[in-house]
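Now for the letters of each chain:
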Amino acid sequence: MAFTVAIDGPAAAGKGTVARAVSERFGFAHLDTGLLYRATGRQTLDGTDPVEAARELSADALDADDLRTPEVAQAASRVAAIPEVRAALVDFQRAFARRSGGAVLDGRDIGTVICPEADVKLFVTANDDVRARRRLTELLGKGHDTDYDTVLADLRARDARDSARAAAPLKPADDAVTLDTTRLGIDEAVAAAIAEVERVLAKQV
Ligand code: C5P
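None of these values were measured; they are calculated from a predicted model.

Note that D162 resides in helix α8 (residues 148-164). On the basis of relative accessibility, which here comes to 3%, the residue D162 falls in the buried class. If we ignore the near neighbours within four places in the chain, the residues touching D162 are S77, R108, P169 and L170.

The following block contains the structure:
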């Protein structure tokens with residue numbers, strides 16, 4: 001049986017954590033769709049044409065260990081505004097969403113464009129300060145040399161570009177349940193997400 005959970009939200013809001021927890025709890029496959037844009041953006045840093053990079057993206061490219069850097073995040077956000085790049089990545093995401101056994105996809109346009117028929121739609125958000133602090137801790141933990149102001153400016157630049165673009169902008173689907181992790185701890189957000197999936201699954205049997 002196919003069952004799709006769509007999780008969207010701005011950078012560092014906690015959607016990856018929620019997505020991983022939901023996929024583990026229900027045994028659903030998980031796709032972090034940001035990796036598709038990061039892997040595409042990563043290749044443009046070497047001079048590859050973005051549309052060509054997206055069309056020829058291989059599964060191996062998603063495993064590269066340098067996709068989590070701030071530089072690659074900005075490159076991802078730039079290529080993500082190109083409609084032909086997005087178009088090249090749609091089929092893979094939709095096929096993943098429909099696989100039997102259930103799927104969780106997290107990104108920016110999953111509930112609005114990739115899977116408008118998703119069984120559960122969540123929008124995970126948090127204020128800028130909380131998101132910048134979380135991302136700073138993560139980057140410092142990985143040994144990056146950065147600071148709060150730089151991380152905050154990076155997040156804001158990316159959110160502004162992701163929200164203002166014409167192609168599949170970052171926004172909640174009309175029927176998404178919003179989880180604001182500003183005050184809600186991550187554990188509570190995960191519990192709320194799991195409760196929402198359980199509620200919808202219970203209606204289907
Ligand atoms: O989620 P993550 O921060 O890894 O995403 C990197 C960038 O990829 C985002 O800033 C956004 O520009 C783009 N993206 C997107 N649509 C998605 C997932 C990510 O445009 N579904």
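Here the focus is the pattern of salt bridges. Taken as a whole and assessed by the stated rule, the structure comprises 15 salt bridges. A salt bridge links D66 to R42, with the shortest nitrogen-to-oxygen separation between them at 2.6 Å. In this pair, D66 is assigned in the loop between α3 (50-55) and α4 (70-79) and R42 in helix α2 (residues 34-44), connecting sequence segments 24 residues apart. The class for D66 is partly exposed, based on a relative accessible area of 27%.

As a further point, take the nonpolar core. Core analysis: the largest hydrophobic core is formed by 21 residues, its most contacted members being V5, I7, V18, V22 and V197. Among the elements that line this core, the one with the most residues is helix α9 (residues 186-204), at six residues. Ignoring anything within four residues of it in the chain, the contact list for V22 reads V5, V104, A193, I194 and V197. L35, L36, L67 and V85 belong to the second-largest nonpolar core, a separate cluster that totals 15 residues.

What follows covers the packing of aromatic side chains. What the rule picks out here adds up to two aromatic pairs. Pairing F3 with F28 gives two aromatic rings, centres 5.6 Å apart and planes at 35°, and the pair type is tilted. Here F3, found in the segment before β1 (4-8), pairs with F28, found in the loop between α1 (15-26) and β2 (29-32); they are 25 residues apart in sequence, far enough to count as distant. On the basis of relative accessibility, which here comes to 10%, the residue F28 falls in the buried class. Between F26 and F28, the ring centres sit 5.5 Å apart and the planes meet at 20°, which makes this aromatic pair stacked.

Reported here for the largest pocket is a volume of approximately 710 Å³. As for the largest pocket, its lining consists of 39 residues, and the residues nearest its centre are A12, R38, R68, R135 and R158. The set of elements that each furnish at least two residues to the lining of the largest pocket consists of α1, α2, α4, β3 (103-107), α7 (128-141) and α8. It is α8 that contributes the most residues to the lining of the largest pocket, six residues altogether. Tallied by class, residues from the lining of the largest pocket come to eleven nonpolar, eleven polar and 17 charged.

Burial runs high along α4: seven of the ten residues are buried. Each element contacted by the buried residues of α4 is listed here: α2, α3, α5 (83-97) and α8.

β3 sits mainly inside the fold: five of its five residues count as buried. Residues A103, L105 and G107 line one face of β3 and the alternating positions V104 and D106 line the opposite face, and both faces are buried. Where β1 lies against β3, five bridges are found, and the strand directions are parallel. Among the inter-strand pairings, I7 is bridged to a residue of β3, identified as D106. With four bridges joining them, β2 and β3 adopt parallel strand pairing. Each residue of the ladder has a partner; that of H30, found in β3, is V104.

Rules of the game
- Counting restarts for each chain, with residues numbered from 1 along the sequence as it is written.
- Two thresholds apply to this predicted model, a pLDDT of at least 70 for residue-level local features and 80 or more for giving and counting side-chain atom pairs, whereas whole-chain, interface and lining totals are computed over all residues.
- Neither water nor hydrogens contribute to the side-chain values; these are computed over all heavy atoms in the structure.
- Put simply, DSSP marks the helices as runs of H or I at least four residues long and the strands as runs of E at least two long, and each gets a number from the N terminus on.
- The buried label goes to any residue with under 20% of its type's maximum accessible area, the exposed label to any with over 50%, and the partly exposed label to all in between, with areas taken from a 1.4 Å probe on protein chains only.
- Two residues form a contact once any of their heavy atoms are found within 4.5 Å.
- Salt bridge, as used here: a side-chain nitrogen of Lys or Arg that lies within 4 Å of a carboxyl oxygen of Asp or Glu.
- As used in this record, nonpolar core signifies buried Ala, Val, Leu, Ile, Met, Phe, Trp, Tyr and Cys residues forming a set joined through side-chain atoms within 4.5 Å.
- Geometry of aromatic contacts follows a simple scheme: Phe, Tyr and Trp rings, the Trp one being its six-membered ring, pair when their centres are within 6.5 Å, and the pair is stacked under 30 degrees between planes, edge-to-face over 60, tilted otherwise.
- The distinction between a cavity and a pocket rests on a 1 Å grid over the protein atoms alone: a 1.4 Å probe fits inside a cavity but cannot get out, while a pocket stays open yet meets protein on both sides within 12 Å along at least five of seven lines, and a residue with an atom within 4 Å of a point counts as lining.
- Grid points are joined across faces, edges and corners, and a volume is the space filled by probe spheres set on the points.
- By the convention adopted, Pro, Cys, Tyr, Trp, Phe, Met, Ile, Leu, Val and Ala count as nonpolar, Lys, Arg, Asp and Glu as charged, and the other residues, Gly among them, as polar.
- Only strands joined by at least two bridges in the DSSP assignment are considered to pair.

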